[in-house]
Amino acid sequence: MPNINETLGGYSDLFMLLAAMVYAVAFICFAIDLAKSSQTIRELESNLVKEEQEELALVGATRSTRGSSASAGASALDSTSDVLVGDSMDYTESTPKRRFANIAIMLTILAAAIHVFAVVSRGIAAARVPWGNMYEFLTTGASIVAVVYLVAVRKKDLRFMGAFVIGLVTLMLCAATMGFPTPVAHLIPALQSPWLVIHVSIAVLSSALFTISFAMSALQLVQHYRQKNLIAGKADKLPFLRLVPSAAALENAAYRINTVSFVMWTFTVMAGAIWAEAAWGRYWGWDVKEVWSFVIWTVYAGYLHARATRGWTGVRSAWLSIIGYACLVFNFTVVNLYFNGLHSYAGV
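Residues numbered from 1 in each chain as written. Predicted model: local features only at pLDDT ≥ 70, side-chain atom pairs only at ≥ 80, totals over all residues. Heavy atoms only, no water.

Peer 1: Sorry if this is basic, but what is going on with the overall build of the protein here?
Peer 2: For the protein, the helix and strand inventory stands at nine helices and zero strands. The secondary structure elements of the protein, listed N-terminal to C-terminal, are α-α-α-α-α-α-α-α-α. Every one of the 348 residues in the protein was classed for burial, and the buried ones make up 48%. In the protein, the share of contacts with a sequence separation of at least 24, taken over all contacts with a separation of at least 6, comes to 81%. (Helix = DSSP H or I, 4+ residues; strand = E, 2+ residues; numbered from the N terminus. Buried < 20%, exposed > 50% of the residue type's maximum accessible area, 1.4 Å probe, protein only. Contact = heavy atoms within 4.5 Å.)

Peer 1: Please clarify how the packing of aromatic side chains should be interpreted in this entry.
Peer 2: The description of an aromatic ring pair uses the distance of the two centres, along with the angle that the planes make with each other. Throughout the structure, instances matching the rule amount to 13 aromatic pairs. Seen in terms of ring centroids, Phe 30 and Tyr 149 are 6.5 Å apart; in terms of plane orientation they differ by 80°. Their pairing is edge-to-face. Placement of the pair is Phe 30 in helix 1 (residues 4–59) and Tyr 149 in helix 4 (residues 134–153), with a sequence separation of 119 residues. Ring centres of Tyr 255 and Tyr 303 lie 6.2 Å apart, and the angle between their planes is 55°; on these two criteria the pair is classed as tilted. Of this pair, Tyr 255 sits in helix 7 (residues 247–280) while Tyr 303 sits in helix 8 (residues 288–309); the two residues are 48 residues apart in sequence, bridging distant segments of the chain. (Phe/Tyr/Trp six-rings, centres within 6.5 Å; stacked < 30°, edge-to-face > 60°.)

Peer 1: Would you mind showing me how to read the nonpolar core here?
Peer 2: Nonpolar side chains tend toward joint burial in soluble globular proteins. With 83 residues, the main nonpolar core has Tyr 23, Tyr 149, Phe 160 and Met 161 as its most contacted residues. Counting residues per element, the ones that place at least two in this core are helix 1, helix 3 (99–126), helix 4, helix 5 (162–179), helix 6 (195–231), helix 7, helix 8 and helix 9 (315–338). Look past the residues within four positions of Met 161 in its chain and what remains in contact with it is Tyr 149, Ile 212, Ala 215, Met 216 and Leu 219. (Core = buried A, V, L, I, M, F, W, Y, C linked by side-chain atoms within 4.5 Å.)

Peer 1: What exactly am I supposed to notice about helix 9 here?
Peer 2: Because an α-helix packs 3.6 residues into every turn, residues spaced three or four apart end up facing the same way. Here helix 9 contains 24 residues, and its C-alpha end-to-end distance of 33 Å stays within 8% of the 34 Å for a straight helix at 1.5 Å per residue. At Phe 330, helix 9 shows its largest bend, some 35°. (Expected span 1.5 Å × (residues − 1). Bend = angle between axes of the 7 residues up to and from the residue.)

Peer 1: How should I be thinking about the confidence of the model for the protein in this particular structure?
Peer 2: The predicted coordinates ought not to be read in detail in places where the model reports low pLDDT. Counting all residues, the mean pLDDT for the protein is 83, and 80% of those residues have values of 70 or more. Predicted confidence in the protein is weakest over helix 2 (residues 69–84), with a mean pLDDT of 45, and strongest over helix 3, with 94. In the predicted structure, residues 63–84 sits below a pLDDT of 50 and forms 37 contacts with residues beyond four places in sequence or in another chain. (pLDDT = per-residue confidence, 0-100.)

Peer 1: Just to check I follow, could you spell out the pattern of salt bridges for this structure?
Peer 2: Side chains bearing opposite charge may pair, as long as their charged atoms lie close to each other. Inspection of every chain in the model, using the stated rule, returns nine salt bridges. With a closest N to O distance of 2.9 Å, Arg 159 and Asp 157 form a salt bridge. Each member of the pair Arg 159 and Asp 157 is classed as buried. With a shortest N-O distance of 2.5 Å, Arg 242 and Asp 236 are connected by a salt bridge. A relative accessible area of 2% places Arg 242 in the buried class. On the basis of relative accessible area, Asp 236 is assigned to the buried category, the value being 15%. (Salt bridge = Lys/Arg side-chain N within 4 Å of Asp/Glu carboxyl O.)

Peer 1: What exactly am I supposed to notice about unusual backbone geometry here?
Peer 2: With the exception of glycine, most residues fall at negative phi, and the peptide bonds are largely trans. Residues other than glycine seldom take positive phi values, yet Ala 127 does so here, at roughly 60°. With respect to the element layout, Ala 127 can be found in the loop between helix 3 and helix 4.

Have a look at this one:
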């Protein structure tokens, strides 16, 4: 007869898969919302163009320099963006209802509840905190990403990010369950320390926030090149991006999140050094995990410094943020799996 811990561990794995499936459906709903919004945007633009042309006809010669249909279309383009979503990302009375997006939010709430239950039951089954190996680190981090997004979406109209954030959450859960499956087990001696709760919990939280800022930076790049093409007079091939704030607004939001995440990562590195001294008798030993943690810290420090003091905004800022996240992913995957060191406790 299996004991209660084994049973709970089995339920945890089952509910983790269930959460991944519900997230996938939510992702599909977010994607449908973006696709349907393209048609809505075109209809709004057509109406605004007509209104603009009627206004130009009334004003007459005093506004003749703006009388072309192309100018009217450009003005309508800006007006459409204002109607759908503003750079403040705040909910307003004019915010479109967007049925599929709201269904996706409800599904995300359901998936997050299942997900959190799976993470908590994993911890109860293991009789410890549920982030002792790659599987647990990734599933816990994915749950934080989802919960942070849901908390933020209550105050800001971040439905435009749903497909990107929930897509990443789904990918993280799939990677955990298929790439790093690990049965419930006791921790190795090196991890049996109170510092596991302090050091790794902050690392999980900061990594989750870096994931959200990465999604914003990637979206910022796409929005930047779209805006660049529109200024050049090219056709708008991605009209659903009018649901998304401007590239500058996305950059500012990503910068604020990265600032908080960087502080947390700094604490992670410092706490890791203190733990290393307690476990191995030295604060720093150039272990490969330590080196890459410092590389991540350096890249994000450079990002914050360059943007704040050197004027590195726009595309350069976004790419620095993305490079930092790439280093984070490399540290979690390649370093854990293929480099031997004192931190070789991936669990796979």
